[in-house]
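Structural overview
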Amino acid sequence: MEAVAIPPFERFYGQHAAEVLGYLRRLLGQRAEDAWQETFLRALRAYDRLEHGRHLRAWVFTIATRVAMDDLRAGNRVLLVEDVDVEATETGRPVYAELEHLTGDLPPKERAAVVLRYGYDLPYDQIGAALGSSEEAARAAASSGVRRLRRRLSAPTSGRAGSARASVCDSDQEPS
Amino acid sequence: MLTPELDARFRAAALAEGLVDVRYDVAESPVGELFLASTDRGLCRISYRVEGQEEELARTYGVRVLRMPLDSVRRELDEYFEGHRREFDLSLDLRVAPFHEAVLHELARVPYGRTETYGTLAAKVGRPRAARAVGTVMNRNPLPIVLPCHRIVGANGSLTGYAGGLHVKRALLELEGAMLPS
């Protein structure tokens, strides 16, 4: 396979910093900033040991997902303050903007799988790598997450939020 | 949104943790934009060309290249261009030019406001016939302005050449009073 040079870190950072911050906001809400810094410090610590410059986007999403999962596994509660309009304009993904404030109370793995698949277009093999599981498990987590969302949307009490809404949920509690 | 504060906090943390191979900055100057780079050993690059320099740095010093304000370098350059500074007081990283070090050290001692010929500089490093080789070293000077290759001229006083263009060489010599304004 053709070797792809590792770009200077500044270029890599410029390409992915904002996008990864958006991703972590979706997973961790207000705690995203510390996780974001930790993600890029981890990336920088490993950067000079990379063997090639392929799949760097998937790589940094993997690191971000691990940082977020560590945070969520520590039993931290997620406080989501939605900022849908701004994010939607930035990413130019209005469809996804509809999704994003709904994924807040999915179990962490399902949330990450749904967001990576539908928000960031990552293929399932790369989502599997990010979640530390197989491609099949990633696909299953995403579709289970989507099913859960559908059920919630069709339920009459579903909290379809408009603008700013804060929702608090316990991260390691399975929704009924 | 990635705020400037968050961005600056990350860069500071990266530097504090010793994770940066080389940092760079782009400064405005009276002779155009200058690309500046520094390692933990000292200033390693000044270039009149700004584009594509990050790749060059990555190849030479390592891929952990980050943009960061180089305040002390900017300050000394500003003072130089304002005519308030005649010598630079910066630590230098010349590892990119190990074979040129003797010539560059001699170059650093050519005083402000004076010119010397390629031949005399060659003689000072003990190779009086190597004027042409000295020209090559000037041509590849990693730290123009700070290592004053603009003060080196042809035997007949002609400016011969300069990385930033002859008009820049002339401007620097005029600034230093080594040449009358044209």
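Residues numbered from 1 in each chain as written. Chains lettered and ligands numbered in written order. Predicted model: local features only at pLDDT ≥ 70, side-chain atom pairs only at ≥ 80, totals over all residues.

**Brief notes about the overall build of chain A**
Heads up, the rule is: In this description a helix means any DSSP run of H or I spanning at least four residues, a strand means any run of E spanning at least two, and both kinds are numbered starting from the N terminus. Field definition: a residue is buried when 20 or more other C-beta atoms are found within 10 Å of its C-beta, exposed when 12 or fewer are, and partly exposed for counts in between, with C-beta atoms placed from the backbone. Residues are defined as contacting one another if the C-beta atoms placed from their backbone atoms lie within 7 Å.
Secondary structure summary: chain A contains eight helices and two strands in total. Helices and strands in chain A line up, N terminus first, as α-α-α-β-α-α-α-α-α-β. By residue count, 40% of the 176 residues in chain A fall in the buried class. Across chain A, every contact between residues at least 6 apart in sequence was considered, and the portion connecting residues at least 24 apart equals 70%.

**Describing the overall build of chain B**
Along the backbone of chain B there are seven helices and six strands. In chain B, the order of α-helices and β-strands from amino to carboxyl end is α-β-β-β-α-β-α-α-β-α-α-β-α. Along the three orthogonal principal directions, the C-alpha set of chain B runs to about 60 × 35 × 25 Å. Sorting the 182 residues of chain B into buried and exposed places 31% on the buried side. Intrachain contacts of chain B at a sequence separation of at least 6 include 55% that bridge at least 24 residues.

**A look at the confidence of the model for chain B**
Rules: Every residue carries a pLDDT, the predictor's confidence in it, which falls somewhere between 0 and 100.
Per-residue pLDDT for chain B averages 95, and the proportion of residues at 70 or more is 100%. For this predicted complex, the interface score ipTM comes out at 0.90, alongside a pTM of 0.81.

**Here's the deal with the confidence of the model for chain A**
Residues and elements named next belong to chain A. Chain-level statistics for chain A give a pLDDT mean of 78 and a share of 70% at 70 or above. For chain A, the element scoring lowest by mean pLDDT is strand β2 (residues 166–169), at 35; helix α2 (residues 32–47) scores highest, at 97. A low-confidence stretch, residues 81–97 (pLDDT under 50), is modelled with 24 contacts involving residues beyond four sequence positions or located in other chains. Between residues 158–176, whose pLDDT stays under 50, and residues either more than four places distant or in other chains, the model counts 30 contacts.

**What about the packing of helix α3 (residues 56–73) of chain A against helix α7 (residues 124–131) of chain A?**
Residue and element names in this part refer to chain A. Just so we agree on the cut-off: In this analysis an axis means a line fitted to C-alpha atoms, helices contributing only their contacting stretch, and an angle means the value between N-to-C directions, from 0 to 180 degrees. For any helix crossing, the convention is left-handed if the near helix is rotated counterclockwise from the far helix by under a right angle, and right-handed if that rotation is clockwise.
For the pair α3 and α7, the least separation of the axes is 8 Å and the interaxial angle reads 35 degrees. By crossing handedness, the relation of α3 to α7 is classed as right-handed. Residues A58, F61, T62 and T65 of α3 form the contact with α7, whose own contacting residues are Q126, A129, A130 and L131.

**Brief notes about the pairing of strand β3 (residues 43–47) of chain B**
Residue and element names in this part refer to chain B. Filter applied, for reference: Paired strands, in this sense, are two strands between which DSSP finds at least two bridges.
Within β3, five of the five residues are buried, which leaves it mostly tucked inside the rest of the structure. Note: strand β2 (residues 34–38) against β3, four bridges, orientation antiparallel. When the bridges of β3 are listed, A37 appears paired with R45. The hairpin turn running from β2 into β3, its antiparallel successor, is four residues long, and G42 in that turn takes a positive phi close to 150 degrees.

**Describing the domain arrangement of chain B**
All names here are of chain B. What counts, and what does not: Domain limits in this description derive from either an automatic procedure or a database domain assignment.
Looking at the assigned domains, one finds that chain B contains domain 1 (4–81) and domain 2 (98–175). Taking only C-alpha atoms into account, the centre of domain 1 sits 24 Å from that of domain 2. Top contributing element to the side of domain 1 that touches domain 2 by residue count: β3, with four residues.

**Quick look at the sheet that holds strand β4 (residues 65–67) of chain B**
All names here are of chain B. Within the open sheet, the four strands sit side by side as β3-β2-β1-β4. Their pairing is mixed. With one partner strand each, in any of the chains shown, β3 and β4 form the two edges of the open sheet. When strand polarity is set aside, the average angle formed by the axes of neighbouring strands in this sheet is 25 degrees. In this sheet, β2 lies alongside strand β1 (residues 22–27) in antiparallel orientation, the contact comprising five bridges. The partner of V26 across the bridge, within β2, is F35. Packing against the sheet, helix α2 (residues 53–61) makes contact with β1, β2, β3 and β4, and its axis sits at approximately 155 degrees to β1.

**Some words on the packing of helix α1 (residues 9–28) of chain A against α2(A)**
Residues and elements named next belong to chain A. As a packed pair, α1 and α2 sit with axes 9 Å apart at the nearest point and diverge in direction by 145 degrees. Considering only the axes of α1 and α2, their crossing is right-handed. For the pair α1 and α2, contact is made by F9, Y13, A17, V20, L21, L24, R25 and L28 and by A32, A35, W36, T39, F40, L44 and Y47, respectively.

**Things to note about α1(A)**
Residues and elements named next belong to chain A. Selection rule: A residue's bend is simply the angle between two axes: one fitted to the seven residues ending at it, one to the seven starting at it.
Roughly 40 degrees is the biggest bend found in α1, and it falls at H16. For α1, a buried count of 14 out of 20 residues is recorded, marking the element as mostly surrounded by other parts of the structure. Note on α1: the residue one or two positions beyond its end, G29, has a positive phi of about 60 degrees.

**Focus on unusual backbone geometry**
Positive phi is not limited to glycine here, since A:D121 has a value of about 65 degrees. With respect to the helices, strands and loops of the structure, A:D121 is situated in the loop between α6 (108–119) and α7. On the neighbour-count criterion, A:D121 (11 C-beta atoms within 10 Å) is exposed. Positive phi values are uncommon outside glycine, yet B:T160 reaches one of about 60 degrees.

**Describing helix α4 (residues 101–108) of chain B**
Residues and elements named next belong to chain B. We apply this condition: To obtain the arc, one takes the directions from the helix axis to the C-beta atoms.
Of all the positions in α4, only V103, L104 and L107 are classed as buried. Along the axis of α4, the buried positions cluster into a sector of 95 degrees, meaning they face one direction only. Buried residues in α4 make contact with α5 (118–124) and α6 (131–139).

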